[in-house]
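One-letter residues, chain by chain:
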Amino acid sequence: MSLEHSKKVLIALDYDDQQTALNFVKQLSPDTCRLKVGKEMFTYFGPAFVKELIDLGFDVFLDLKFHDIPNTVAKAVTAAAKMGVWMVNVHASGGVEMMTKAKQALEQFGDEAPLLIAVTVLTSMDSAELKRLGIDKTPAEQVVYLAKLAKESGLDGVVCSAQEAKQLKSILGSDFKLVTPGIRPEGSAAGDQKRIMTPKQAIDDGSDYLVIGRPITQADDPVSVLINVNNSIS
Ligand SMILES: O=c1ccn([C@@H]2O[C@H](COP(=O)(O)O)[C@@H](O)[C@H]2O)c(=O)[nH]1
C-alpha cells in the first residue's frame, strides 16, 4: 500500500476521556493515518492535547469550524497555526471577507502554514434540513455554491460529503482539496450522518481525505478497521 493512500484517512478523535484517546493513538502509526481533533476534545483538553498528538508525530486537523467576524476568525486560525496543526477550517457561510482574511492571516507562516479549508454543508444535513433553514437548494447545489466562494477566497479546499466529490472535482479542479466526513464502511451504522459513502467509493469519486470517527473509534478492534479501510483504498 502506498504511503500516500494510507495517509488519506483522518481519524476523528471524538472522546470525552484523554487517556482513552491516547491509549488508542499509541496503537497507531503516523504513517497510516492522520488525526482530527474537534470541538469535544478541544473543549475538554485544549491546545496541550493537540500538541501532544503533534509531538507523537501525527498530522492534526483542528476541526473547530470557525464562524465569526473576519478579524476574530483571522486571529483564531493564527492561533491554530502557532499550535502547529496541519489543517484548520472555517465555515464557508461566514462569507468571502471572512475566508479571505483568514487565508491572508496564514501567509505569515509561509510553507509552514496549515491548509485552510471551508465547511460547506454538514454531512448530517439533507434537503429537508436545508429547507428548514430557508435554503431552497439541494445539498449538492449549496455545496457547489459555497465551494466556489471558498475557492475564490483562496482557500485550499472544502469539507463536503463524498456524494458531491465527483461534481466538485470537475468544476473546481484536482488541486482543490476535498475532505469528506460521513464515510461509512459497508455495514457501519450511519448514526446522524445523512450523506454517506463507503471509503472506496469516496476515493474513486475524488475525495482527497476521508474523515472517519465512530466506525473506527467505537469498533471492537479499531486498528483492524483502519487497516481494512486502508487496504480497501490502496
Ligand atoms: O460536515 C461535517 C463536518 C465535520 N464532521 C465531523 O467529522 C466527524 C465524523 O465522525 P463520524 O463518527 O464518522 O460520524 C465528526 O467529528 C464530525 O464532527 C462531520 O461529520 N460532518
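Remember, predicted model here, so these are calculated numbers, not experimental data. (Residues numbered from 1 in each chain as written. Predicted model: local features only at pLDDT ≥ 70, side-chain atom pairs only at ≥ 80, totals over all residues.)

**Comments concerning the overall build of the protein**
In terms of regular secondary structure, the protein is built from 11 helices and 8 strands. Looking at the protein residue by residue over its 234 residues, the buried ones come to 39%. Look at the contacts in the protein between residues 6 or more apart in sequence, and 69% of them connect residues 24 or more apart. (Helix = DSSP H or I, 4+ residues; strand = E, 2+ residues; numbered from the N terminus. Buried ≥ 20, exposed ≤ 12 C-beta atoms within 10 Å, placed from the backbone. Contact = placed C-beta atoms within 7 Å.)

**Looking at the UniProt feature "active site" (unreviewed entry) in the protein**
UniProt tags Asp63, Lys65 and Asp68 as "active site" (unreviewed entry). Residue placement: aspartate 63 occurs in strand β3 (residues 60-66). The buried category is assigned to aspartate 63, around which 25 C-beta atoms lie within 10 Å. When neighbours within four sequence positions are excluded, aspartate 63 is seen to be in contact with Lys36, Val37, Gly38 and Asn89. Tracing the sequence through the fold places aspartate 68 in the loop between β3 and α4 (70-83). (UniProt positions renumbered as here; feature names shortened; annotations may be inferred.)

**Notes on the site of the ligand**
Taken together, 16 residues sit near the ligand, with Ala12, Leu122, Pro181, Gly213 and Arg214 positioned nearest. Going through the elements one at a time, β8 (209-212) and α10 (214-217) are the ones with two or more residues in the shell around the ligand. A per-class count over the shell around the ligand returns 8 nonpolar, 6 polar and 2 charged. (Near = placed C-beta within 6 Å. Nonpolar A, V, L, I, M, F, W, Y, C, P; charged D, E, K, R; others polar.)

**A short note on the UniProt feature "domain: Orotidine 5'-phosphate decarboxylase" (unreviewed entry) in the protein**
Per the UniProt record, the feature "domain: Orotidine 5'-phosphate decarboxylase" (unreviewed entry) sits at residues 8-229. For residues 8-229, the helix share is 44%, the strand share is 16%, and the end-to-end C-alpha distance is 10 Å.

**Focus: the environment of lysine 194**
With respect to the element layout, lysine 194 can be found in the loop between β7 (177-180) and α9 (199-205). Between the C-alpha atom of lysine 194 and that of asparagine 89, which follows or precedes it by 105 residues, the distance is 21 Å. Other than its neighbours up to four places away in sequence, lysine 194 contacts Thr123, Ser124, Met125 and Asp126.

**Description of helix α5 (residues 96-106)**
Those residues of α5 not exposed but buried are Met98, Met99, Lys101, Ala102, Lys103, Ala105 and Leu106. For α5, the elements touching its buried residues are α4, β4 (87-91), β5 (115-119) and α7 (139-152).

**Brief notes about the nonpolar core**
Within soluble globular proteins, side chains that are nonpolar tend to cluster in buried spots. Ranked by size, the top nonpolar core spans 62 residues in total, and within it Val77 and Ala118 carry the most contacts. Contact partners of valine 77, with chain neighbours within four places excluded, come to Phe66, Val88, Ala102, Ala105, Leu106 and Leu116. (Core = buried A, V, L, I, M, F, W, Y, C linked by C-beta atoms within 7 Å.)

**Concerning the sheet that holds β4**
A barrel is described by the order of its strands in space; here 8 strands give the closed sequence β1-β2-β3-β4-β5-β6-β7-β8, paired in parallel fashion. For this sheet, the mean inter-axis angle between neighbouring strands, taken without regard to orientation, is 25 degrees. Relative to β8, strand β1 (residues 9-12) runs parallel, the two being bridged by 3 bridges. The residue of β8 that forms the bridge with isoleucine 11 is isoleucine 212. Packing against the sheet, α4 makes contact with β3, β4 and β5, and its axis sits at approximately 165 degrees to β3. (Pairing = 2+ DSSP bridges. Axes fitted to C-alpha atoms, helices over the stretch in contact; angles between N-to-C directions.)

**Concerning unusual backbone geometry**
Phi at lysine 65 is positive, roughly 45 degrees, even though this residue is not glycine. Along the polypeptide, lysine 65 turns up in strand β3. A count of 16 C-beta atoms within 10 Å places lysine 65 in the partly exposed class.

**A closer look at the pairing of strand β2 (residues 34-37)**
Burial of the side chains of β2 extends over both faces: Arg34 and Lys36 are buried on one face and Leu35 and Val37 on the other. Across 3 bridges, the pairing between β1 and β2 is parallel. Bridge pairing links alanine 12 to lysine 36 in β2. With helix α2 (residues 18-25) bridging β1 and its parallel neighbour β2, the resulting β-α-β unit is right-handed. (Right-handed = clockwise from strand over helix to strand, strands pointing away.)

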